[in-house]
Amino acid sequence: MQNTDVTSDKDTLPTGRISRANGLAGDVYEAIFQQLMSLKIAPGSRITVDNLVKDFNVSHTPIREALGRLEGEGLVVKTHLIGYRAAPQITRRRFDELYELRLLLEPAAAAKATAALDETGLAVLQEAAGVMARREGRDERLRYSNFARQDAIFHDRIMQFAHNDLIRETLNHQHTHFHIFRLMYHSRVTEEALDEHEAILSAFAAGDPDAAEKAMRVHIENSRDRLLPAFE
């Protein structure tokens, strides 16, 4: 994808659409996050603070706070004396490493979580999956970026119920879902994942740890296979 100065195109960022309902920095963060996840801000593209200030009609402070948060999530890179750029796409090697890590940790954690889930916990996971399934609004790219965030939350909740803080922290530190969803913007990435999430939830509801482990493994393997064409 050709690298461009993302703030030079008025269609790149939703000028004048900052609602301010959640605080300026939060709203600016959400707007830029959406553009990064849907690839409207190309990986490696320059992000100019002054242009964002003009586009959003806000001061430098909320812009820098939002970019700092995105930097912490690995989506933005700051270079001394140069400024901000969207993080480059992950390499094929890192992609393979991330999925190897996930396959080592998440299926076993899903099996462990099964034993710990009560009705309340199951409801939490069902609600998280349900949020992903909603098709609210007409903006496909906004739905895609929201799905990426909710997918990360869904998997994190499972790790929470597995009661291993080190595994949970290790996976969170990689920001895996944000990076893999930036590889490809395609409805298949989300539609097939929803069916796989239902299989995981069914195993949880049945209290079957073996089925939960298998369903999680299938889901991660399928996710890997769906995104491999991004490297062709």
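Residues numbered from 1 in each chain as written. Predicted model: local features only at pLDDT ≥ 70, side-chain atom pairs only at ≥ 80, totals over all residues. Heavy atoms only, no water.

Our focus in this paragraph is helix H6 (residues 140–162). The end-to-end C-alpha distance of H6, which contains 23 residues, comes to 33 Å, matching closely the 33 Å that a straight helix rising 1.5 Å per residue would cover. Phi turns positive one or two residues past the end of H6, at His163, with a value near 60°. (Helix = DSSP H or I, 4+ residues; strand = E, 2+ residues; numbered from the N terminus. Expected span 1.5 Å × (residues − 1).)

A few words on the side chain of His177. Mapped onto the fold, His177 is located in helix H8 (residues 176–181). Taking the relative accessible area as the measure of exposure, His177 reaches 9% and is therefore buried. Apart from the residues lying within four places of it in its own chain, the contact partners of His177 are Met37, Arg102, Ala148, Asp151, Ala152 and His155. (Buried < 20%, exposed > 50% of the residue type's maximum accessible area, 1.4 Å probe, protein only. Contact = heavy atoms within 4.5 Å.)

Pairing analysis gives 2 bridges linking strand E1 (residues 46–47) to strand E3 (residues 83–86), with the strands arranged antiparallel. Looking at the pairing, Arg46 lines up with Arg85 of E3. (Pairing = 2+ DSSP bridges.)

Once that is clear, we can look at the packing of helix H1 (residues 24–37) against helix H3 (residues 60–72). One can describe the packing of H1 onto H3 by two numbers: an axis separation of 8 Å at closest approach and a directional angle of 50°. Viewed along their axes, H1 and H3 adopt a mutual orientation that is oblique. Considering only the axes of H1 and H3, their crossing is right-handed. Across from Leu24, Ala25, Val28, Tyr29, Ile32, Phe33 and Leu36 in H1, the residues of H3 making contact are Pro62, Ile63, Glu65, Ala66, Leu67, Arg69 and Leu70. Looking at side-chain class alone, the contact of H1 with H3 contains 12 nonpolar, no polar and 2 charged residues. (Axes fitted to C-alpha atoms, helices over the stretch in contact; angles between N-to-C directions. Parallel < 35°, antiparallel > 145°, perpendicular 65-115°, else oblique. Left-handed = near helix turned anticlockwise from the far one by under 90°. Nonpolar A, V, L, I, M, F, W, Y, C, P; charged D, E, K, R; others polar.)

As a further point, take helix H4 (residues 92–116). Spanning 25 residues, H4 covers 35 Å between terminal C-alpha atoms, matching the ideal 36 Å at 1.5 Å per step. At Leu103, H4 is deflected by roughly 30°, the largest bend along its length, and proline Pro107 occurs up to four residues later in sequence. (Bend = angle between axes of the 7 residues up to and from the residue.)

Turning next to the pattern of salt bridges. Counted according to the given criterion, the structure contains 10 salt bridges. Close ionic contact of Arg102 with Glu106 constitutes a salt bridge, the shortest N to O distance being 2.6 Å. Here Arg102 pairs with Glu106, and both are found in helix H4, just 4 residues apart, close to one helical turn. Residue class for Arg102 comes out buried when judged on its relative accessible area of 3%. A salt bridge links Arg226 to Glu196; the nearest nitrogen and oxygen atoms lie 2.8 Å apart. Taken together, the positions of Arg226 in helix H10 (residues 209–227) and Glu196 in helix H9 (residues 187–206) put the pair 30 residues apart, joining distant regions of the chain. Comparing Arg226 with Glu196 shows no difference in burial state: the two are buried. Three or more residues are tied together by salt bridges with common partners; here these are Arg93, Arg94 and Glu97. (Salt bridge = Lys/Arg side-chain N within 4 Å of Asp/Glu carboxyl O.)

Worth remembering: the numbers are spatial, not functional.
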